[in-house]
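The chain contents come next:
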Amino acid sequence: MLNYEMSPFGTKKNRSLPVRVSTFDSELEFELEPRSTGQELFDLVCRTIGLRESWYFGLQYVDTRNHVSWLKMDKKVKDQRVELHASNSIYVFSFYAKFFPENVSEELIQEITQHLFFLQVKQSILSMDIYCRPEASVLLASYAVHVQYGPYDYESYKDGMLAGGELLPKGVTDQYQMTPEMWEERIKTWYMDHEPMTRDEVEMEYLKIAQDLDMYGVNYFPITNKNKTKLWLGVTAVGLNIYDERDKLTPKTTFQWNEIRHVSFDDKKFTIRLVDAKVSNFIFYSQDLHINKMILDLCKGNHDLYMRRRKPDTMEIQQMKAQAKEEKQRRQIERKKFIREKKLREKAEHERYELEKRLEHLQDEMRMASDALRRSEETKELYFEKSRVNEEQMQLTECKANHFKTEMDRLRERQMKVEREKHDLEKKIRDADFYVLQLTVENDKREAETEKLKKELICAKMAEREATARLLNFLNSGRKSSTDSLLTASTVSQANVNQVSNMTAISTPSLTTSSSTNDMETAGGAELTTTTSHYIVMGDNSSGISDDFEPKEFILTDNEMEQITNEMERSHLEYLRKSKKQVQNQLQTLRTEIAPHKIEENQSNLDILSEAQIKAGENKYSTLKKLKSGSTKARVAFFEEL
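Anyway, here's the lowdown on the structure attached to this text. (Residues numbered from 1 in each chain as written. Predicted model: local features only at pLDDT ≥ 70, side-chain atom pairs only at ≥ 80, totals over all residues. Heavy atoms only, no water.)

1. Digging into the pattern of salt bridges
Using the criterion set out here, one finds 29 salt bridges in the structure. Of the charged contacts in the structure, one is a salt bridge between Arg446 and Glu365, with a shortest N-O distance of 3.1 Å. Of the two residues, Arg446 sits in helix H10 (residues 408–477) while Glu365 sits in helix H9 (residues 315–403), which places them 81 residues apart along the sequence. Arg388 is the partner of Glu392 in a salt bridge, and the nearest nitrogen-oxygen pair spans 2.7 Å. Here the residue Glu392 and the residue Arg388 both occupy positions in helix H9, the gap between them amounting to four residues, near one helical turn. On the basis of relative accessible area, Arg388 is assigned to the partly exposed category, the value being 38%. (Salt bridge = Lys/Arg side-chain N within 4 Å of Asp/Glu carboxyl O. Helix = DSSP H or I, 4+ residues; strand = E, 2+ residues; numbered from the N terminus. Buried < 20%, exposed > 50% of the residue type's maximum accessible area, 1.4 Å probe, protein only.)

In structure tokens, the structure reads:
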């Protein structure tokens, strides 16, 4: 937990306002001076976390009437009915995204902005505030795992490591009769298919999928029309959507911000004046005054951002985009270098493994030859002993011949037989001697070959140290040719390695909205016209990239930078083209695969509506396109007749 004191606002601690601001990954505590405004607190939070794209965010709190509200920037914090935390008398706020971009990949610039959106959208999906189909939930979960654990590594991955985290909405797991292991296996399949990406690239892929969900970036409010029909009003980045009370996925009609000129309310009555003067006002009714105030605030903010997107970028935005692009290119270069080094390292590791395996094989053969030699020597000793015994028997026979003349013939025959056996044994002994001599010569040859391999291994290690030294010299040189030098060093190292068939391892704008809401409790209004907004930008979000090597400065010429940029764009477009169709096919395959496990009675109303959308071939964008095809007058008339 971070703790900050705003000492410039005052020195009397007993008069300070204790404030706690919670984001999705940290908690910040401040001591504010009593006259501090909401803008001062908001700017302090943005400076603390290094956020410059502050126009998307706001501070949310629960007031004394138990209503969820957004902190007004132009009013004092203590005058906005913020409820004190009961335990420690502290003002508690949540730092949330208040407005959403139309296209995350084109509008979000800073990594911190992207990260905050990722955390909020992920939490909204898991809490089912944003409906997500089961197959898309599995895909998004695989990206969330990629963010948490990095690229898939078969060595470090262990079965069950994903079971402990909350990866899928409860509505998805309850809808299918599947065990956690079955869900993990399907998430793992997607996880393995992802190409190696940095955290910010994975988060962007997550947001690009999430922004296509029907409920993404929609703030829903209960309203009624003149016929007292219960409906939902959806305030989005592109306009206002009207939904049926039982269907938050498919809007009944829509009005873009460029069709709306003025919004205002009088108590519970909300009036929207359209640009087309021939069209009557668009009127609806809310449940209470508080909801109208929130609707007005969101309408103003989204309208301002909508009009600003359609104007040339300010110098500040251009500068931020240029810095972000330059940083991304630098990281891409570092990443490509790291991947190249990793491949060389893996190749060297593999060659070293093969060399060690071959050495072990030769050592096993040498041990087997030694055992065979030992057994041959034992056999030779046995033959010698047997020969000695035979000689003793022959001597005994000769002694007995003197005493048994009558058995001379029989003894002579036996003597001849013994002589033949003796000759056979002597021949076997000569053969054994010759075999032992051959084994001795072969053993000497293998010992010489082993000594030669040891010398070659020492040469390979010396080549490794030479390649490592050249690589370090390359990193310290600054302007040396990064690619050619590395390839040359690798070639030299490889030439030495080829002598032994292997190589030793080379270690791996703040949102300043001038509210036009009337301070009166019963009425308010705002003219939605395009004005120039002034932004106070505080802080900086510079972060370095580190790897296994000492960081150095790389200086590239314009041609080299342009060539690298073109190569990156080509590879990225090629990847998107191939992966988009593949993702759709995989989603369809997964939907078919898990369909037999579905529990029909556990399906929610949104699940049934989503299935109907799929069968009709409709999606978020095709529905909005159809609704916008009619005239504004016809859409207003349609709303009034609902």
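2. Let's talk about the side chain of Asp63
Take Asp63: it is sitting in the loop between strand S4 (57–62) and strand S5 (68–70). A polar contact is formed between the side chain of Asp63 and the backbone nitrogen of Arg65, at a distance of 2.9 Å. If we skip the residues at most four places from it in the chain, Asp63 touches Ser69, Arg81, Glu83 and His290. (Polar contact = N/O pair within 3.5 Å; in protein donor to acceptor, adjacent residues only side chain to side chain. Contact = heavy atoms within 4.5 Å.)

3. Details of the pairing of S4
Of all six residues that make up S4, five are buried, and the element is covered over most of its length. Judged from the four bridges that link them, S4 and strand S6 (residues 91–97) form a sheet pairing that is antiparallel. If you follow Phe57 over to S6, its bridge partner there is Ala97. The pairing of S4 with S5 spans three bridges and is antiparallel. Looking across to S5, one finds that Val62 is bridged to Val68. (Pairing = 2+ DSSP bridges.)

4. Comments concerning the nonpolar core
In this structure, Leu41, Phe93 and Phe95 are the most contacted members of the largest nonpolar core, which totals 109 residues. The residues contacting Leu41, other than those within four sequence positions of it, are Val19, Val21, Phe30, Leu32, Leu59, Leu71, Val77 and Phe93. (Core = buried A, V, L, I, M, F, W, Y, C linked by side-chain atoms within 4.5 Å.)

5. Looking at a negative patch on the surface
On the surface, Asp153, Glu155, Glu346 and Glu349 cluster together to form a negatively charged patch. Inspection of the secondary structure assignment puts Glu346 in helix H9. (Patch = residues over 30% accessible without salt bridge, like charges linked within 9 Å, V, L, I, M, F, W, Y side chains within 5 Å. Areas by Shrake-Rupley, 256 points an atom, 1.4 Å probe, with all protein chains shown as cover. Lys, Arg positive; Asp, Glu negative; His and termini not counted. Charge placed at Lys NZ, Arg CZ, Asp CG, Glu CD.)

6. Quick word on the packing of helix H3 (residues 111–126) against helix H7 (residues 199–210)
The contact between H3 and H7 brings their axes to 9 Å, and the two run at 50°. Considered as vectors, H3 and H7 are oriented oblique to each other. The handedness of the crossing between H3 and H7 is left-handed. Here H3 contributes Glu111, Gln114, His115, Phe117, Phe118, Val121, Lys122 and Ile125 to the contact with H7, which in turn contributes Arg199, Asp200, Glu201, Glu203, Met204, Tyr206, Leu207 and Ala210. (Axes fitted to C-alpha atoms, helices over the stretch in contact; angles between N-to-C directions. Parallel < 35°, antiparallel > 145°, perpendicular 65-115°, else oblique. Left-handed = near helix turned anticlockwise from the far one by under 90°.)

7. What about helix H4 (residues 134–149)?
For H4, with 16 residues, the first-to-last C-alpha span of 22 Å sits near the 22 Å given by 1.5 Å per residue. Of the residues flanking the end of H4, it is Gly150, one or two places downstream, whose phi is positive at about 85°. (Expected span 1.5 Å × (residues − 1).)

8. Details of unusual backbone geometry
With a phi angle near 55°, Arg81 is a residue other than glycine that sits in the positive phi range. Topologically, Arg81 is positioned in the loop between S5 and S6. By relative accessible area, which is 40% here, Arg81 ends up partly exposed.

9. Re a positive patch on the surface
Among the surface-exposed residues, Lys400, Arg414, Lys417 and Arg420 lie close enough to one another that they form a single positively charged patch. Looking at which element gives the most residues to the positive patch, the answer is H10, with three residues. With respect to the secondary-structure elements, Arg414 resides in helix H10.

10. Examining the packing of aromatic side chains
Overall, the coordinates contain 20 aromatic pairs when judged by the stated rule. Between Tyr152 and Tyr157, the aromatic rings sit 5.4 Å apart at their centres with planes inclined by 45°, giving tilted as the arrangement. Accessibility expressed as a relative area gives 24% for Tyr152, which makes it partly exposed. Owing to a relative accessible area of 10%, Tyr157 belongs among the buried residues under this scheme. Ring plane angle 85° and centroid distance 5.8 Å describe the contact between Tyr176 and Trp183, whose orientation is recorded as edge-to-face. In this pair, the class of Tyr176 matches that of Trp183, namely buried. Linked through ring pairs, Phe42, Trp55, Tyr56, Phe57, Phe95, Phe100, Phe117 and Tyr216 together constitute an aromatic cluster. Lying over the aromatic face of Trp232, Lys248 brings its terminal NZ or CZ to 4.1 Å of the ring centre. When the ring centre of Tyr306 is taken as origin, the NZ or CZ atom of Arg310, which lies over that ring, is 3.6 Å away. (Phe/Tyr/Trp six-rings, centres within 6.5 Å; stacked < 30°, edge-to-face > 60°. Lys NZ or Arg CZ within 6 Å of the ring centre and 35° of its normal.)

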